[in-house]
Structure formats: C-alpha cells, structure tokens
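Each chain, written out:
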2 protein chains.
Amino acid sequence: MSTSVDLVYEQVRQMAANFEFKPAERINESELSKQLGASRTPLREAMNRLTAEGLLMFEPGRGFFCQPLTPELVVHLYEVREALETSAIRAAVERAGDDDIAAIRQFLSDTAERYADGTPTKEIVRLDEEFHLMIAQLSGNPELVNMIKLTYERIRYVRWIAMRERIDITHSAHLHIFEALENRDAQAAEDRMRTHIKTHNAEATEIVGKAYSNLYVPQH
Amino acid sequence: MSTSVDLVYEQVRQMAANFEFKPAERINESELSKQLGASRTPLREAMNRLTAEGLLMFEPGRGFFCQPLTPELVVHLYEVREALETSAIRAAVERAGDDDIAAIRQFLSDTAERYADGTPTKEIVRLDEEFHLMIAQLSGNPELVNMIKLTYERIRYVRWIAMRERIDITHSAHLHIFEALENRDAQAAEDRMRTHIKTHNAEATEIVGKAYSNLYVPQH
DNA sequence: GGATGCGGAATTGTATACAGATCATCACGG
DNA sequence: CCGTGATGATCTGTATACAATTCCGCATCC
C-alpha cells in the first residue's frame, strides 16, 4: 500500500527533473503539499530522498531549494556519465547475450523513423535515454544502471533544450555505437560512447552557459 | 541551527555504514528514535535520505531495512568504483597542480609508518579512503567525488574485514599509483588504479561469499 | 503435519499542532 | 540615500496522535 508518499515522491521528482521549480527557488512546503493533496510529512520525506539524489538542495533552517543547473554542474555530470557509460558498454560487450543485442537492433530500427523533425523533443530525449539505458543494463550491474539513471534525471532539462537542434545525427550516432557492440569490439564501443557523450557535453554546456547569462543572473 | 535531524542522520549513517544493523533486518522506528533521543519524524527523514544513498532499503507498509551486502552487490559496487576512480585519476593527471600532487606525497610519507601491524584496521581503512579521495578531488569534479564517497560507505564494512590481511601491500600499491600521477602518465595511472581496485574486488567478494554462507543463510 | 484463518498487539503512514527560526517590512538614524 | 535594527508574519523543525496496515501466535481444518 502507501500510495501517498510514493505518489508525492514521483510527482515532485517529475517536477524537479522537468524544472518546474525556478532555479535556486525556495520551495514552500505548505503550498506544495496543498497542491499535491498531501500533508507536509510525506512531502518532506520525498524531498529528503530527492535531495540525496541531487535533484534538490537542502539548507537546515531554510528548507528545500531547486538545484540550479550551472555550466560547471553540467560539465561535471556529463563527465560522470562518461565514466559510468563507457564502463557499462565495455561490460556489455563482454557479457551481453546475442539475443540482448538483437533486441537493441530491433529497438533502433523500430524507432528510427521517430528521430525526425515532427517528433516532440521530449519524446526524442526519452528514446535517447532508453537506448543508453538498454546498453547500460547489458552490463549486468544494477548499481551502475541506477547511477546512470540518476545522472540523467539531473540533466534531462538541459537535454530537452540541447536536443532540438541535433535530432538527425543522434540516431546515426547511436547506430555507430551499437555496431561496435554488435561486433564485440570493446575498445571501439568505449571510444564511440565517450566521443558521443563528450560532444553532447560541449553542446549542453554551451546552451546552459547562454541560458545562464540570459536568465539566471538578472534574477538577482 | 537544526542539529537534531542532522545529528540523527549522521548517527544512523554511521550505524548503517558500520553494519550495526543485522543484514536485511527490519529497523524499528520507535525503538531507534528513542535510542537516538529524537522523535520518529526526523528519524524517518534521515532514513529516507539513506535509502536514496543505497545504505538502507525501504518497503512501503513494512518500513526500513538494512541493505545486506551480497557477493553480487560487492562486485557491482567495486565495478562502480573502478569506473569512477579510473576516470577521476585520469582527470587528476590532466588538471592537478604541482602543489596538490606534493600534498599527496606528503600525506603518503606522513602516514607510511601507520600502515603497520599495530594500527587498528578501521584506521587503515580510513587512511586508504583518504588517499583515494584526495586523488578523486584532484579531478576537480565534486559530483564524481560525491559518488565515490557514497560508494565507499556502502562497502566500508567489508573493507574492514578484507583489509586485515593485506595491510602491508596497500601502502606500496598506493605509492605505485601515485607515482604514475606524479609523472603525469595518465594511462599508467588509470591502469594501476584499475588493477588495484580489481584486486580488492576479488578479495572482498571472496570474503563476503564466505561470510554469506556462514552467517547470512542460517539466519533464515 | 502443514496450510489456513482469525484476533490482538505492534508498527507504520500521515495529519496536525506548536515551538523556534527565518524573512520581509518599515521606521529610524547616520 | 543607504545601512541598521526591531517587529510581526511566515515558514520550518519536531513531537505527538490516531488511523490503517502488518505481524505474530494460536486454534482450526484438511
């Protein structure tokens, strides 16, 4: 049972990942709890979890805040992605069964047509994450997968923005990574994954840098 | 202000990292809150944080449990360490200042004599963690450092046990890793770090495997 | 003997109350 | 005009209460 706390947790997590709180905004507990139809107790429990996951910040005596995305943070989180995902794909090359690999090929061909202009950006990012997580899961290491997931949630917002311009090349980059996995070429797989993430890191950082100078600074 | 919740958090975190709860044990909230001199509300907030950090488990309607260390989990967490720390040392080689590196050399020579038989195992593990974290910090990436810290806390208990037998070689292994960093040889530094962690992974897993068959299974 | 069901006790989930801290406003003084 | 300090309003931190659920022991039945 206990839908209430989990429900609140999911809702606030979504709100945080989707940046429905203004960056560095102090979150009013009473107000938000009313809005979500629960009391402050389960809300605070949920926000404590999210703080530990890095989606919110907490200052004793002051409350919970939206964790703002600075250019530095984006660089750091993409570096974490790089560390985790290159390691994951290397393990995947060694451990994945042929059927698992076939499932990814299937996924790629099933979704190929959706990597097109008409598709909403959120959907593209979802597909992108799903591809990366499928590979991560083939590492057979749930802890690795979990950390990658958490990292995604913290940069999802900037990825929505960054993805707009580069929809077309995403799918071919994925195919390129996948083929190294399919050929069981660990070094190539790792290198391609690293390059892929580094590219996105540069783009995302640039975008946040622009947004930061346009949006965040004038607010103070 | 607000020492109470943070105090409770620190205490429970220590208890969890030190495995003062029996593996997979259900944690009685009222009892523990009395023991810690606080009420259930701040205790539950602390335990929610620790659940997100992987030190505890939570089942809705049943409560919080100690996260048991299985051989599989140990393998997975050491793999995570490997991913994060090899990445960190590579960044450290590129970014560390000469003075930072000198500080580590100083630390190693200061603590050399303590890597000896008489020193308590807990102290050795602390020194070991400190060395690794000093290197991680030179990556300049606080997110990476934080994830490494969290991973340490989850395997600290098994490291206490594993460290007993290998005190002597730990220091020379650290020196070996450090020298690659000092020489700015990224590849060697990464390789040596990887080997170091893999070695400990194998040992720790074996130890947990033994403990698991001796200790955990008969409990059910 | 093992599975099943049924209380009663224990435990968790959540709301609420209240004390204490923080914040915002405004008046005052430099 | 800007800094400073007092004061009331607001918000957070924590204890407590109570409802809902789970757990446990025992009797019953197959």
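Calculation rules
Residues numbered from 1 in each chain as written. Chains lettered and ligands numbered in written order. Predicted model: local features only at pLDDT ≥ 70, side-chain atom pairs only at ≥ 80, totals over all residues. Heavy atoms only, no water. Helix = DSSP H or I, 4+ residues; strand = E, 2+ residues; numbered from the N terminus. Buried < 20%, exposed > 50% of the residue type's maximum accessible area, 1.4 Å probe, protein only. Polar contact = N/O pair within 3.5 Å; in protein donor to acceptor, adjacent residues only side chain to side chain. Pairing = 2+ DSSP bridges. Contact = heavy atoms within 4.5 Å. Axes fitted to C-alpha atoms, helices over the stretch in contact; angles between N-to-C directions. Buried area = accessible area lost by both parts, 1.4 Å probe. Salt bridge = Lys/Arg side-chain N within 4 Å of Asp/Glu carboxyl O. Parallel < 35°, antiparallel > 145°, perpendicular 65-115°, else oblique. Nonpolar A, V, L, I, M, F, W, Y, C, P; charged D, E, K, R; others polar. Least-squares fit on C-alpha atoms with pLDDT ≥ 70 in both. Domains from an automatic or database assignment. 1 Å grid on protein atoms, 1.4 Å probe; cavity = no way out; pocket = protein on both sides within 12 Å on 5 of 7 lines; lining within 4 Å. Points joined across faces, edges and corners; volume = space filled by probe spheres on them.

**Re the environment of N28(B)**
All names here are of chain B. Looking at where N28 falls in the secondary structure, it is placed in the loop between β1 (26–27) and α2 (29–36). Here N28 falls in the partly exposed class, since its relative accessible area comes to 42%. Among the polar contacts listed, one links the side chain of N28 to the backbone nitrogen of E31, at a separation of 3.2 Å.

**Re the sheet that holds β1(B)**
Residues and elements named next belong to chain B. Across the sheet, 3 strands lie side by side as β1-β3-β2; this open sheet has antiparallel pairing. On the outer flanks of this sheet lie β1 and β2 (56–59), each paired with one strand and no other. As defined by bridge partners, β1 adjoins strand β3 (residues 63–66) across 2 bridges and the pair is classed as antiparallel. Looking at β3, one finds that R26 is bridged to F65. Here helix α3 (residues 40–52) sits on the sheet in contact with β1, β2 and β3, set at roughly 110 degrees to β2.

**Concerning unusual backbone geometry**
The backbone of A24(A) shows a phi angle near 65 degrees, a positive value even though the residue is not glycine. Tracing the backbone shows A24(A) in the loop between α1 (3–17) and β1 (26–27).

**Re the interface of chain A and chain B**
A common measure of how large an interface is: the accessible area buried when the components associate. Across the contact, 28 residues belong to chain A and 28 residues belong to chain B. Taken together, both faces of the contact between chain A and chain B bury some 2,700 Å²; the carbon and sulfur share is 56%. Remark: the boundary between chain A and chain B carries 6 salt bridges. Among the ionic pairs, E79(A) bridges to R95(B), the shortest N-O distance being 2.6 Å. Where the side of chain A that touches chain B is concerned, the elements lending two or more residues are α3 (40–52), α4 (71–95) and α7 (142–163) of chain A. The element that contributes the greatest number of residues to the side of chain A that touches chain B is α4(A), accounting for 9 residues.

**Re the packing of α2(B) against α3(B)**
Residue and element names in this part refer to chain B. Where α2 meets α3, the axes come as close as 9 Å, and the angle between the chain directions of the two elements is 105 degrees. The angle between the axes of α2 and α3 places the two elements in the roughly perpendicular class. The segment α2 lies against α3, with E29, S30, L32, S33 and L36 engaging R40, L43, R44 and M47. Split by residue class, the contact of α2 with α3 holds 4 nonpolar, 2 polar and 3 charged.

**What about the relation of the copies chain A and chain B?**
Superposition record for chain A on chain B: RMSD 0.0 Å, screw rotation 180 degrees, translation along axis 0.0 Å. Given the turn and translation reported, the copies of this chain are related as if by a two-fold rotation axis. A share of 100% of interface residues in chain A that are also interface residues in chain B marks the association as one of identical surfaces.

**Description of the sheet that holds strand β2 (residues 56–59) of chain A**
Residue and element names in this part refer to chain A. One open sheet accounts for 3 strands, arranged β1-β3-β2; its pairing is antiparallel. Lying at the two open borders of the sheet, with one neighbouring strand each, are β1 and β2. Of the pairings in the sheet, the one linking β2 to strand β3 (residues 63–66) comprises 4 bridges and is antiparallel in character. In the sheet register, L56 faces β3, and the bridge partner there is C66. Running at roughly 110 degrees to β2, α3 makes contact with β1, β2 and β3 of the sheet.

**What to know about the domain arrangement of chain A**
Residues and elements named next belong to chain A. In terms of domains, chain A is made up of domain 1 (3–66) and domain 2 (71–216). The distance between the C-alpha centroids of domain 1 and domain 2 comes to 27 Å. Taken together, the contacts link 8 residues of domain 1 with 7 residues of domain 2. When residues of domain 1 are sorted by the area they lose upon contact with domain 2, A17, N18 and F19 head the list and together hold 47% of the total.

**Some thoughts on empty space enclosed by the protein**
As enumerated under the stated definition, the model contains 4 cavities of 30 Å³ or more in all. Here the largest cavity is characterised by a volume of approximately 70 Å³. In terms of lining residues, the largest cavity is bounded by 13 residues, among which F19(B), G54(B), L55(B), Q67(B) and R154(B) are the most central. Breaking the lining of the largest cavity down by element, the ones donating at least two residues are α1 (3–17), α4 (71–95) and α7 (142–163) of chain B. Of the residues contributing to the lining of the largest cavity, the split by class is 9 nonpolar, 2 polar and 2 charged. Lining of the second largest cavity is provided by A16(A), F19(A), G54(A), L55(A), Q67(A), L69(A), L73(A) and R154(A). For the lining of the second largest cavity, the per-class residue count stands at 5 nonpolar, 2 polar and 1 charged.

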